[in-house]
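Structure at a glance
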Amino acid sequence: MANHQATKKDVRQAAKRRERNRYQGKTSRNAIRDLKALTDKAAAQGKLPEVIAMIDKMAKNGIIHKNKASNLKSKLTVRINKIA
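Described in the following lines is the structure provided in the data block. (Residues numbered from 1 in each chain as written. Predicted model: local features only at pLDDT ≥ 70, side-chain atom pairs only at ≥ 80, totals over all residues. Heavy atoms only, no water.)

On to the nonpolar core. In terms of nonpolar packing, the biggest core is built from 13 residues, with L35, V51, I55, L76 and I80 touching the most fellow members. Looking at this core, the elements that each hand over two or more residues are α1 (5–37), α2 (41–60) and α3 (66–82). Per-element accounting of this core gives the leading share, 5 residues, to α2. Not counting the four nearest positions on each side in its chain, L76 is found in contact with I32, L35, K36, L48, V51 and I55. (Core = buried A, V, L, I, M, F, W, Y, C linked by side-chain atoms within 4.5 Å. Buried < 20%, exposed > 50% of the residue type's maximum accessible area, 1.4 Å probe, protein only. Helix = DSSP H or I, 4+ residues; strand = E, 2+ residues; numbered from the N terminus. Contact = heavy atoms within 4.5 Å.)

Quick look at the structure:
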């Protein structure tokens, strides 16, 4: 690493961004896991918009690709609709 002020700042910023992205990704994965574990259709439908918002936010911020976000939302919606 170059010993320049701008490079040191860039390293600090990158670490901060990486930590934020990891947090958002892990939180969303946990929310998706919890949503998949639900067996009550009403509860699952109530939680679905919250999880979809998290996925959209990650796609908007570039943490995941927009197509991956779309696929996740689609699969979750189909799964929730199949619950009897």
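From this point, the narrative continues.
With 33 residues, α1 extends 48 Å from end C-alpha to end C-alpha; this agrees with the ideal 48 Å at 1.5 Å per step. Against α2 and α3 lie the buried residues of α1. (Expected span 1.5 Å × (residues − 1).)

Compared with an ideal rise of 1.5 Å per residue, which puts 20 residues at 28 Å, α2 spans 28 Å between its outermost C-alpha atoms and is within 8% of the ideal. The largest bend in α2 amounts to roughly 30° and is located at L48, with the proline P49 lying one to four residues further along. All of the buried residues in α2 are A44, L48, V51, I55 and M58. Each element contacted by the buried residues of α2 is listed here: α1 and α3. Once α2 ends, the next one or two residues include G62, with phi positive near 80°. (Bend = angle between axes of the 7 residues up to and from the residue.)

Honestly, that's just the spatial picture; any functional story needs more than this.
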